[in-house]
Amino acid sequence: MSLESVKAHFKQWDREKDIMEFATSSATVAEAAETIGVIPARIAKTLSFRSEDGKAILIVAAGDAKIDNKKFRQTFGFKARMLSPEEVLEQTGHAIGGVCPFGLENQLSTYLDVSMKRFETLFPACGSINSAIELTNDELFQYSFAKEWVDVCKGWEESEEQEGSVLEKAGSN
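This one's a predicted model, so the numbers in the text were calculated from it and none came from an experiment.

Helices and strands together make up the secondary structure of the protein, namely six helices and ten strands. Taken over the C-alpha trace, the protein has a radius of gyration of 16 Å; the compact-globule value for 173 residues is 16 Å, and the two agree within 12%. Projected onto its principal axes, the C-alpha coordinates of the protein cover approximately 50 × 40 × 25 Å. Counting only residues that meet the buried cut, the protein has 46% of its 173 residues in that class. Contacts spanning at least 24 positions in sequence make up 65% of the contacts within the protein whose residues lie at least 6 apart. Each charge sign in the protein was given a centre, from 19 positive and 28 negative side chains, and these centres are 5 Å apart.

As a volume, the largest pocket reaches approximately 350 Å³. Together, 23 residues line the largest pocket, and Ala27, Lys45, Thr46, Gly97 and Val99 are the ones closest to its centre. For the lining of the largest pocket, the secondary structure elements donating two or more residues are α2 (29-36), β2 (43-50), β6 (121-124) and β7 (131-132). No other element matches β2, which puts six residues into the lining of the largest pocket. The residue makeup of the lining of the largest pocket, split by class, is 15 nonpolar, seven polar and one charged. The wall of the second largest pocket is formed by 18 residues, among which Leu104, Asn106, Gln107, Leu108 and Ser109 lie closest to the centre. Broken down by secondary-structure element, the contributors of at least two residues to the lining of the second largest pocket are β3 (56-62) and β5 (109-113). When grouped by side-chain class, the residues that make up the lining of the second largest pocket number seven nonpolar, eight polar and three charged.

A word on the nonpolar core. With 20 residues, the main nonpolar core has Phe10, Phe102, Met116 and Leu140 as its most contacted residues. For this core, the secondary structure elements donating two or more residues are α1 (2-11), β3 and α5 (137-143). The greatest single-element share of this core, amounting to three residues, is contributed by α1. In this structure, methionine 116 is in contact with Ala44, Val60, Ala61, Ala62, Leu122, Asn137, Leu140 and Trp149, ignoring residues within four places of it in sequence.

The next thing to look at is unusual backbone geometry. Positive phi, normally seen in glycine, also occurs at aspartate 14, with a value near 60°. Along the polypeptide, aspartate 14 turns up in the loop between α1 and β1 (20-21).

A separate point is the pairing of β3. Counted residue by residue, β3 has seven buried out of seven residues, so it is predominantly covered. Linkage of β2 to β3, two consecutive antiparallel strands, is achieved through a turn of five residues, within which glycine 54 is found at a positive phi near 90°. Inspection of the sheet shows β3 paired to β5 by four bridges, in the parallel sense. Bridge pairing in β5 places valine 60 opposite leucine 112.

Listed as buried for helix α4 (residues 85-92) are Val88, Gln91 and Thr92. Projected onto a plane normal to the axis of α4, the buried residues spread over an arc of 80° and lie on a single side. Within α4, the exposed residues directed more than 90 degrees away from the buried face are Glu86 and Glu90. For α4, the elements touching its buried residues are β2 and β3. Two residues or fewer after α4 comes glycine 93, characterised by a positive phi angle close to 85°.

Cut-off values and rules
The residue numbers shown here count from 1 along each chain, following its written sequence. Only residues with pLDDT of at least 70 get local features here, since the model is predicted, and only at 80 or more are side-chain atom pairs given and counted; chain-wide, interface and lining totals rely on the full set of residues. Just so you know, side-chain values use all the structure's heavy atoms and leave hydrogens and water out. For the purposes of this entry, the term helix denotes a DSSP run of H or I that reaches at least four residues, the term strand denotes a run of E that reaches at least two, and both are numbered from the N terminus. For the radius of gyration, the atom set is restricted to C-alpha positions; the globular benchmark scales as 2.2 Å times the number of residues to the power 0.38. Throughout this description, buried means an accessible area under 20% of the type-specific maximum (1.4 Å probe, protein chains only), exposed means over 50%, and partly exposed covers the range between. In what follows, residue pairs with any heavy atoms lying within 4.5 Å of each other are defined as contacts. Counted as positive: Lys and Arg. Counted as negative: Asp and Glu, with His and the chain ends omitted from the count. All charge positions are set by atom: Lys at NZ, Arg at CZ, Asp at CG, Glu at CD. Cavities and pockets were defined on a 1 Å grid built over protein atoms only: a cavity is a set of grid points that admits a 1.4 Å probe from which the probe cannot escape, a pocket is an open set flanked by protein on both sides within 12 Å along at least five of seven lines, and lining residues are those with an atom within 4 Å of any such point. Grid points are joined across faces, edges and corners, and a volume is the space filled by probe spheres set on the points. Ten residues, namely Ala, Val, Leu, Ile, Met, Phe, Trp, Tyr, Cys and Pro, are considered nonpolar, four, namely Asp, Glu, Lys and Arg, are considered charged, and the remaining ones, Gly among them, are considered polar. We define a nonpolar core as any set of buried Ala, Val, Leu, Ile, Met, Phe, Trp, Tyr and Cys residues linked to one another through side-chain atoms lying within 4.5 Å. Here, strands pair whenever DSSP counts at least two bridges between them. As used here, the arc is the angular range of directions from the helix axis to the C-beta atoms.

Written out as structure tokens, the structure is:
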């Protein structure tokens with residue numbers, strides 16, 4: 001029923017018809033990128049962490065970003081501890097592979113990582129292992145009821161530099 005809860009969530013903006021459902025899996029960043037036909041970095045992945053009060057907090061980040069434990073601790077004041085697959089399902093209502101900040105089982109704090117700001121649009125999952133929606137950063141912020149933009153990831157800057165040098169080389173030919 002997870003996909004249905006996400007469709008109901010998007011209905012308030014008349015966007016439920018924009019959810020894409022695929023014949024193939026989009027459960028991992030690599031699978032989603034291949035299925036949609038974009039680079040993995042444009043997949044907006046939702047990561048679930050245990051907060052100090054035991055409730056989950058969600059971090060949505062670019063597909064090529066990894067949590068930087070030091071930045072996470074500086075931002076939130078506690079160590080980054082990911083939830084187990086069972087806890088993710090219990091807290092969000094979504095199973096691993098379809099986790100997203102929409103149509104949640106419980107009201108959870110959602111934060112968006114700055115790693116996504118380099119793209120005009122991104123593709124978060126929609127509650128199932130074979131769904132996604134294309135959203136701008138502003139739409140993602142609005143529809144996820146995000147609290148704020150944070151900088152808690154690493155690894156994506158290197159990807160950005162590599163993409164830039166490839167584009168420079170292509171432009172000089």
